[in-house]
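# A closer look at the structure
Residues per chain, in single letters:
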Amino acid sequence: MGTVFMVEWFMGMWRGAPARSRAIGWAAGLAAVALLITGGAYALPSAETAMSGSQAQTARDTAAANAPSRLSLFGRKSDGIIYDYEPKAGAGWQAAVKLGVGYGEADQFVQAAQSASGAADLYFRMGSTLYYTAERGNDTKVIGGGWNIYNLLIGPGDMGGSTYDDIIGRHTDGSLWLYQGSASGTLATKVRIGTSGWNGMDALTGRGDYTGDGKNDLIARSTSGTLYIYPGTGKVTADSAFSPRVTVGSGWNTYKRLVSTGDQDGDGKPDLIAVDAAGALWLLPGTGNASAPFAARVQIGTSGWSAFNVLF
């Protein structure tokens, strides 16, 4: 079976299935691309089985009626295995689903919701090539080459008002670039949104409006541990994407990782998720208030989260 055909078959098999099965679909597509590039072996997850036509239709109807208000949390461990934490209705996560092995070749992952609201679509980079796999409606495709000019890729949601999620890349020279997304997963021509100095940040994340002005923002942590919010302006013009930054506070270097999947606690405001040095997981609930953007932290995972070398 040819690799291209395998990718198409895997994605067609899982298209329209429940969220957990759709995650299996893009994972299988990623594994097939890894096989094409590296000539290595991969293993399909064994926990999921194919559904009958009537079961699949019921699952599609259920998924449409209960579309999540936030994205899943994905984590990759050093052995190349990705784990999927699907959101529960209201707040919290379901038990992790292991998506199989063979994902160590990708060095950047970005989750986006291009194909449908709440979808767990995936951009991932192998070498210098960026790929896209839709949770619903499209097969794995090549976005383009030359993406190794970026030392970080993130998905902040819709920064420019296109209704689709955008991609931000941090260039190796410290500049910041925005690519607007589309329903097909393709990306618009890049626009510079930061001239220099962004290599002085050791974390970039955010997914939503943290200041309460109706526009998505970017969260950045400096190497000294100071956390900032860069309020979005909604403009996709050169160097005009942000208003003056807001200082949240110092001491944020106590966390090893910062990530956001949107509104994690179900109160309608985007939150921040953090892993501390002991491997515990914390929720920083968003308030929507620029002067005090986060409420007191809540521990949502006791240990083991430092085992993930990527969270997205």
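Data block above holds the structure.
Since this is a predicted model, take the numbers as computed values, not measurements.

Okay, the layout of surface pockets next. There is about 570 Å³ of room inside the largest pocket. Lining the largest pocket are 29 residues, with Leu152, Ile154, Leu204, Leu258 and Leu311 positioned closest to its centre. Here the element with the most residues in the lining of the largest pocket is strand 8 (residues 150-157); it accounts for 5 residues. A breakdown of the residues in the lining of the largest pocket according to their chemical character gives 13 nonpolar, 9 polar and 7 charged.

The next point concerns the nonpolar core. Leu176, Trp198, Leu204, Leu218, Tyr230 and Phe242 are the most contacted members of the largest nonpolar core, which totals 16 residues. Mapped onto this core, the elements with two or more residues apiece are strand 8, strand 10 (176-179), strand 12 (201-205), strand 13 (218-222) and strand 14 (227-230). Setting aside residues up to four positions removed in sequence, Phe242 forms contacts with Met159, Leu176, Ile193, Trp198, Leu218, Tyr230, Pro231, Gly232 and Thr233.

Read across the sheet, 4 strands follow the order 16-17-18-19 without closing on themselves; strand pairing throughout is antiparallel. The outermost strands of the open sheet, each flanked by one partner alone, are strand 16 (255-259) and strand 19 (298-301). Ignoring strand direction, the axes of neighbouring strands in this sheet form an average angle of 30 degrees.

This next bit is on the side chain of His171. You can see His171 is positioned in strand 9 (residues 166-171). Residue class for His171 comes out buried when judged on its relative accessible area of 17%. Look past the residues within four positions of His171 in its chain and what remains in contact with it is Ile149, Tyr150, Asn151, Trp177 and Asn199.

The subject of this paragraph is unusual backbone geometry. One non-glycine residue, Thr163, adopts positive backbone phi at about 75 degrees. Positioned with a positive phi, Asp239 is a non-glycine residue whose angle comes to about 60 degrees. Along the chain, the position of Asp239 falls in the loop between strand 14 and strand 15 (246-249).

Right, let's talk about the pattern of salt bridges for a bit. Going through the model one piece at a time under the given rule, you end up with 4 salt bridges. Among the salt bridges present, the one from Asp165 reaches Arg207, with a minimum N-O distance of 2.3 Å. Of this pair, Asp165 sits in the loop between strand 8 and strand 9 while Arg207 sits in the loop between strand 12 and strand 13, and the two are 42 residues apart along the sequence. Arg207 matches Asp165 in its accessibility class, with the two residues each being buried. For Asp202, the salt bridge is made with Arg221, and the minimal N-O distance between the two is 2.8 Å. With a gap of 19 residues between them, Asp202 in strand 12 and Arg221 in strand 13 connect regions that are remote in the sequence. According to the relative accessible area criterion, Arg221 is buried, its value standing at 5%.

What counts, and where the lines are drawn
Residues numbered from 1 in each chain as written. Predicted model: local features only at pLDDT ≥ 70, side-chain atom pairs only at ≥ 80, totals over all residues. Heavy atoms only, no water. 1 Å grid on protein atoms, 1.4 Å probe; cavity = no way out; pocket = protein on both sides within 12 Å on 5 of 7 lines; lining within 4 Å. Points joined across faces, edges and corners; volume = space filled by probe spheres on them. Helix = DSSP H or I, 4+ residues; strand = E, 2+ residues; numbered from the N terminus. Nonpolar A, V, L, I, M, F, W, Y, C, P; charged D, E, K, R; others polar. Core = buried A, V, L, I, M, F, W, Y, C linked by side-chain atoms within 4.5 Å. Buried < 20%, exposed > 50% of the residue type's maximum accessible area, 1.4 Å probe, protein only. Contact = heavy atoms within 4.5 Å. Pairing = 2+ DSSP bridges. Axes fitted to C-alpha atoms, helices over the stretch in contact; angles between N-to-C directions. Salt bridge = Lys/Arg side-chain N within 4 Å of Asp/Glu carboxyl O.

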